[in-house]
Amino acid sequence: MMDLQQIKQRFGIIGNSFGLNRAIDVAVQVAPTDLSVLITGESGTGKEVMPQIIHQSSARKHGSYIAVNCGAIPEGTIDSELFGHEKGAFTGALSDRKGYFEEANGGTIFLDEIGELPLNTQVRLLRVLEAGEFIKVGSSKVLKTDVRVVAATNVKMEQAIKDGKFREDLFYRLNSVPISIPPLRDRSDDIYLLFRKFANDFATRYRMPAIRLSDDAKDLLMRYRWPGNIRQLKNITEQISVIEQKREINGEAITKYLPYHSGDNLPAVINDQSKNEADFSTEREILYKVLFDMKNDMNDLKKLVLDMMETGGANAQGEHAHIIQKLYQSEDGDFVPNNNNVQPVSYPTTVPEEHHGPIQDTEEFIEESLSLADKEIELIKKALEKYNGRRKQAAVELGISERTLYRKIKEYEIER
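Residues numbered from 1 in each chain as written. Predicted model: local features only at pLDDT ≥ 70, side-chain atom pairs only at ≥ 80, totals over all residues. Heavy atoms only, no water.

1. Let's talk about a nonpolar patch on the surface
Right, so step 1: A surface patch of nonpolar side chains, about 270 Å² in accessible area, is lined by Tyr-206, Val-242 and Ile-243.
Right, so step 2: Within the secondary structure, Ile-243 sits in helix H11 (residues 229–243). (Patch = residues over 30% accessible without salt bridge, like charges linked within 9 Å, V, L, I, M, F, W, Y side chains within 5 Å. Areas by Shrake-Rupley, 256 points an atom, 1.4 Å probe, with all protein chains shown as cover. Salt bridge = Lys/Arg side-chain N within 4 Å of Asp/Glu carboxyl O. Helix = DSSP H or I, 4+ residues; strand = E, 2+ residues; numbered from the N terminus.)

What follows is the structure, encoded as structure tokens:
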């Protein structure tokens with residue numbers, strides 16, 4: 001069996017942090033068995049290397065190794081891709097097709113982004129893991145397969161289970177042996193090693209001298225949070241290698257390539273619990289932040305208009321009356337300002353003037369619903385109505401994928 005250093009050299013792994021060494025050690029130890037493995041870690045940490053170590057260190061190394069990105073396959077075709085289909089099973093199925101589990105028989109299959117797997121497909125996968133059986137789409141014949149399954153995800157699986165997006169029984173079946181890949185910010189001693197490796201690689205590729213870092217640039221590099229992890233570090237190293245004319249990079253030069261350099265990403269704070277509260281990485285959280293910002297802007301606009309009226313900057317009657325009415329209409333249809341010197345402006349109504357109460361020296365705002373789910377349902381319904389139920393156009397309008405829209409329609413039981 002190869003030692004740790006030999007494995008790193010064979011698979012191009014750079015670094016000596018405890019978390020990385022521990023992950024490699026667990027991968028080597030579990031390789032001779034047929035236990036399922038679940039690899040967790042942030043995007044860009046290099047999770048795809050671990051399944052290769054497991055496969056090449058196992059008795060299956062002479063069999064097939066197939067890597068599948070579950071998040072890149074449309075929900076409507078993923079069952080066919082994984083398990084195959086019979087001729088005529090659906091429109092476009094012109095012949096029989098083997099799926100990945102049939103092709104990888106006797107080998108290893110790596111299911112990346114397993115957290116994106118649809119619930120129906122999760123049931124099929126659970127059967128493969130428990131009994132080694134599967135059924136092709138459009139068939140009733142049970143087929144056998146002998147496949148080692150290694151999965152990976154950057155999703156917090158416990159939360160996905162709580163939200164009903166991932167089956168708990170499948171999680172425990174996949175998680176027979178967990179392997180966690182540490183983020184780059186927890187491997188501060190490895191950052192400069194990786195940078196030098198990438199710098200030398202790009203110098204060879206582009207036939208130029210390798211870039212070097214001054215002490216202050218090196219310090220900035222090692223204290224940056226690297227939200228994109230190794231992938232981001234590699235991309236930035238390539239940018240600097242190609243763009244910068246000088247081969248020695250100082251702190252001022254490197255800050256141009258570090259996004260949000262002056263924000264929360266620098267310096268790194270390990271295990272910062274407050275980060276989770278301000279993390280808008282999901283589509284839903286980004287959408288809600290925009291909605292709340294719009295609501296605050298509207299309230300500011302109302303206050304601005306009222307201040308202008310009180311100071312004589314705007315006339316509550318005449319051509320601006322209809323705008324003022326929309327901003328400050330009371331339940332009875334009256335305009336309600338803060339200053340008694342401003343005359344009320346009423347909508348055309350059958351209610352007599354004497355029925356209006358005295359002008360109050362208060363300002364009433366009817367609070368809108370702050371339910372996040374209600375806002376999301378409302379936006380989805382409006383988008384579907386706008387495009388007459390065409391989900392593809394509605395998804396584009398909402399700024400989400402069509403697959404995500406399908407899931408939300410099912411989750412909220414939206415009629416369509």
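2. Considerations on the pairing of strand E6 (residues 148–153)
Right, so step 1: Buried residues dominate E6, accounting for 6 of its 6 residues.
Right, so step 2: Residues Arg-148, Val-150 and Ala-152 line one face of E6 and the alternating positions Val-149, Ala-151 and Thr-153 line the opposite face, and both faces are buried.
Right, so step 3: Bridge analysis of strand E3 (residues 108–112) against E6 gives 4 bridges, and the strand direction is parallel. When the bridges of E6 are listed, Phe-110 appears paired with Val-150. (Buried < 20%, exposed > 50% of the residue type's maximum accessible area, 1.4 Å probe, protein only. Pairing = 2+ DSSP bridges.)

3. Focus on H11
Right, so step 1: In a regular helix each residue adds 1.5 Å, so 15 residues correspond to 21 Å; H11 covers 21 Å between its end C-alpha atoms and thus fits that length.
Right, so step 2: Turning to H11, its buried residues are Asn-229, Ile-230, Gln-232, Leu-233, Ile-236, Thr-237, Ile-240 and Ser-241. Around the axis of H11, the buried residues are gathered within 165° of arc, so they sit on the same side.
Right, so step 3: Packed against the buried residues of H11 are helix H9 (188–206), helix H10 (215–223), strand E9 (248–249) and helix H12 (251–255). (Expected span 1.5 Å × (residues − 1). Arc of directions from axis to C-beta. Contact = heavy atoms within 4.5 Å.)

4. Examining the confidence of the model for the chain
Right, so step 1: Within the chain, residue pLDDT values average 82, and 76% of them lie at 70 or more.
Right, so step 2: Residue range residues 272–281 is modelled with pLDDT below 50. Its contacts to residues more than four positions away, or to other chains, number 6 contacts. (pLDDT = per-residue confidence, 0-100.)

5. Describing the packing of aromatic side chains
Right, so step 1: Tallied over the entire structure, the rule returns 6 aromatic pairs.
Right, so step 2: When the ring of Phe-83 is compared with that of Phe-101, the centres are 5.4 Å apart and the planes differ by 5°; the resulting orientation is stacked. You can see Phe-83 sitting in helix H4 (residues 78–83) and its partner Phe-101 sitting in helix H5 (residues 100–103), a full 18 residues away along the chain.
Right, so step 3: By the ring-pair criterion, three or more aromatic residues cluster together here, those being Phe-83, Phe-101 and Phe-134.
Right, so step 4: Here the guanidinium or amino end of Arg-97 rests over the ring plane of Tyr-100, the centre of that ring lying 5.9 Å away.
Right, so step 5: In this arrangement the basic side chain of Lys-218 is found over the ring face of Tyr-192, its NZ or CZ atom lying 4.3 Å from the centre. (Phe/Tyr/Trp six-rings, centres within 6.5 Å; stacked < 30°, edge-to-face > 60°. Lys NZ or Arg CZ within 6 Å of the ring centre and 35° of its normal.)

6. A word on the environment of Thr-40
Right, so step 1: Its location among the elements puts Thr-40 in strand E1 (residues 37–40).
Right, so step 2: The class of Thr-40 is partly exposed, set by a relative accessible area of 26%.
Right, so step 3: Taking the C-alpha atoms as reference points, Thr-40 and Pro-182, 142 residues apart in sequence, are found 8.8 Å from one another.
Right, so step 4: With residues near it in sequence (within four places) discarded, Thr-40 still touches Lys-47, Thr-153, Ile-179, Ser-180 and Ile-181.

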